[in-house]
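Architecture at a glance
One letter stands for each residue in the lines below.
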Amino acid sequence: MSITNGTVFMPSVLTFIAIPGLETVQCWIGIPFCAMYIIALIGNSLLLIIIKSEPSLHEPMYIFLAMLGATDIALSTSIVPKMLGIFWLHLPEIYFDACLFQMWLIHTFQGIESGVLLAMALDRYVAICYPLRHATIFTRQLVIHIGVGVALRPAVLVIPCLLLIKCRLKLYRTRLISHTYCEHMALVKLATEDVYINKFYGLLGAFIVGGLDFILTTLSYIQIFITVFHLSQKEARLKAFNTCVPHICVFFQFYLLAFFSFFTHRSGSCIPAYIHITLSNLYLLVPPFLNPFVYGMKTKHIRDKVVKVFFPKHQA
C-alpha cells in the first residue's frame, strides 16, 4: 500500500467507522444487536432440530423452511461477530481480501434467502392452486435441484463483483468505510476511478436475484389469493389463507428493508448516514430474528412440536 496525493493505492487494510455520529453510544447499540443475534441462533437452531427430528415435517414447505433457518444463521454470523468486535473491543480494521470475502458471504446469503422465499411461494402456489398435483410436482429430487440452484445462483453472480473491485479499482480516497460490514456499494464509493461498470453489474446482479424473485413471488401470491377467493367453502378459504400468512409476513419484512437499503445506497444522500447504516444492519438482522417466531406461532405443526419439546407433560 502507498499513499499518493491523498489517495491510497491498493490498501491492504480497511477500517470500519461503524455508525457515523453515534460513536459515543455504539457500545450500547451493540446490546440489542447481540440479543437479536443470540435469539436468532437459538430460534433457527431449534427450528432445524425440530424439522430434522420429525419425519412428518420432511415435506417441501418445511425443507425450504429449514433452508431459510440455516441461511439466517449463516447470514447473521457473517456480520454480527465483527460488528460487536467494532462496538465493544475496538477492532475496526479488516484485511482488504477478508472484506471482499465477507462481502461475498453477505450478498450470497442474501440471495439464497431471496431464492428460498421464492421457492416457498411456488410451493404454496402449487399446493393451493393444484393440490392434487403437488406431490408429483414437488418431488424430493426437484426440491434438491431447487436447493442447489438457489445456493449456486447468488454465489456465482457475486464473484464478478469481487473481481471487478480487485482487478479494476486501484486508487481509493480513504481506507475508512462508513459501515459496520463490507457492502458492495460502500466499498465501491471509496474508489477514485470510474466505477460505472461496478455499479452497472451490481444493479444487474441485484435485479437477476432480488428483482426477479420479488416479481415472481408477488405474482405467485396474487394467483394464490385469486384461487383462495374463488373457493366456495369459507373454512377452506381460511385454511388456505392461514398457510400463506407466515410466508407473506416474512416476504414483506425482508423486501421492505431490502429495497430501502438498496436504494439509499444509490440515491439516498438526503438520508443521514446513521439512519441508513442502522437500518441496513436491521435489514440483515431482523429477518433471522423474527422468522422463527413468525413460523413458530403461525405454523401449527411446528407450534405443536415446540410445545411437545418444552412442555411434554402438558402435551400428554
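Remember, predicted model here, so these are calculated numbers, not experimental data.

Parameters at a glance
- Residues numbered from 1 in each chain as written.
- Predicted model: local features only at pLDDT ≥ 70, side-chain atom pairs only at ≥ 80, totals over all residues.
- Heavy atoms only, no water.
- Helix = DSSP H or I, 4+ residues; strand = E, 2+ residues; numbered from the N terminus.
- Rg over C-alpha atoms; globule rule 2.2 N^0.38 Å.
- Buried < 20%, exposed > 50% of the residue type's maximum accessible area, 1.4 Å probe, protein only.
- Contact = heavy atoms within 4.5 Å.
- Areas by Shrake-Rupley, 256 points an atom, 1.4 Å probe, with all protein chains shown as cover.
- Lys, Arg positive; Asp, Glu negative; His and termini not counted.
- Charge placed at Lys NZ, Arg CZ, Asp CG, Glu CD.
- UniProt positions renumbered as here; feature names shortened; annotations may be inferred.
- Core = buried A, V, L, I, M, F, W, Y, C linked by side-chain atoms within 4.5 Å.
- Phe/Tyr/Trp six-rings, centres within 6.5 Å; stacked < 30°, edge-to-face > 60°.
- Pairing = 2+ DSSP bridges.
- Axes fitted to C-alpha atoms, helices over the stretch in contact; angles between N-to-C directions.
- Parallel < 35°, antiparallel > 145°, perpendicular 65-115°, else oblique.
- Left-handed = near helix turned anticlockwise from the far one by under 90°.
- Disulfide = S-S within 2.5 Å.

What follows concerns the overall build of the protein. Scanning the protein from N- to C-terminus turns up twelve helices and six strands. What you see for the protein is a C-alpha radius of gyration of 21 Å, in line with the 20 Å of a compact globule of 316 residues. Across its three principal directions, the C-alpha atoms of the protein cover 75 × 45 × 35 Å. Going through the 316 residues of the protein one by one, you find that 48% of them count as buried. The contacts of the protein with a sequence gap of at least 6 include a subset with a gap of at least 24, amounting to 78%. A total of about 15,800 Å² of accessible surface is found on the protein, and carbon and sulfur atoms cover 72% of it. The centroid of the 23 positive side-chain charges in the protein is displaced by 5 Å from the centroid of its 14 negative side-chain charges.

Glancing now at the UniProt feature "transmembrane region" (unreviewed entry) in the protein. As recorded in UniProt, the sites labelled "transmembrane region" (unreviewed entry) are residues 29-51, 63-89, 101-122, 142-165, 200-228, 240-262 and 274-295. End C-alpha atoms of residues 200-228 are separated by 40 Å, and the span's content is 100% helix alongside 0% strand. Counted over residues 274-295, helix gives 100% and strand 0%. Its end C-alpha atoms are 31 Å apart.

Core analysis: the biggest nonpolar cluster contains 71 residues, and Leu65, Leu68, Phe87, Met120, Ile165, Ile177 and Leu187 have the highest contact counts within it. The element best represented in this core is helix α4 (residues 96-129), accounting for 13 residues. If we ignore the near neighbours within four places in the chain, the residues touching Met120 are Met61, Phe64, Leu65, Leu68, His247 and Tyr295. Membership of the second largest hydrophobic core comes to eight residues, among which are Ala121, Ile128, Tyr221 and Ile224.

This part takes up the packing of aromatic side chains. Here the distance between the centres and the angle between the planes together describe a pair of aromatic rings. Taken as a whole and assessed by the stated rule, the structure comprises 13 aromatic pairs. With a centroid separation of 5.9 Å and 80° between ring planes, the pair formed by Tyr125 and Tyr130 is classed as edge-to-face. The interplanar angle of 15° and the centroid separation of 5.6 Å between the aromatic rings of Phe214 and Phe251 together place this pair among those described as stacked. A residue pair is termed long-range when its members are at least 10 positions apart, and Phe214 in helix α8 (residues 196-229) and Phe251 in helix α9 (residues 234-267) qualify at 37 residues.

The next point concerns helix α3 (residues 80-89). Regarding α3, the residues found buried are Val80, Met83, Leu84, Gly85, Ile86 and Phe87. After α3 finishes, the residue His90 shows a positive phi value of roughly 55°.

Our focus in this paragraph is the sheet that holds strand β3 (residues 13-16). Within the open sheet, the three strands sit side by side as β4-β3-β6. Their pairing is mixed. Single-partner strands in this sheet number two, and they are β4 (93-95) and β6 (176-177). For β3 and β6, the ladder comprises two bridges, and the chain directions are parallel. Looking across to β6, one finds that Phe16 is bridged to Ile177. Relative to the sheet, α4 contacts β3, β4 and β6, its axis offset from that of β4 by approximately 85°.

Following both chains from N to C, one finds α4 and α8 inclined at 20°, their axes separated by 9 Å at the closest point. By the criterion of interaxial angle, the relationship of α4 to α8 is roughly parallel. Viewed along their axes, α4 and α8 form a crossing whose handedness is left-handed. Residues Gly111, Ser114, Gly115, Leu117, Leu118, Ala121, Leu122, Arg124, Tyr125, Ile128 and Cys129 of α4 pack against Val209, Gly210, Asp213, Leu216, Thr217, Ser220, Tyr221, Gln223, Ile224, Thr227 and Val228 of α8.

What follows deals with the state of the cysteines. Tallying each qualifying case throughout the model produces one disulfide. Disulfide partner of Cys99: Cys182, at an S-S distance of 1.8 Å. One quick way to see it: the torsion about the S-S bond of Cys99 and Cys182 is about -125°, and its sign makes the bridge left-handed. Of this pair, Cys99 sits in helix α4 while Cys182 sits in the loop between β6 and α7 (184-188); the two residues are 83 residues apart in sequence, bridging distant segments of the chain. Each of the two residues, Cys99 as well as Cys182, counts as buried. Between Cys161, a cysteine without a disulfide, and Cys167, which holds the nearest cysteine sulfur, the sulfur-to-sulfur distance is 13 Å.

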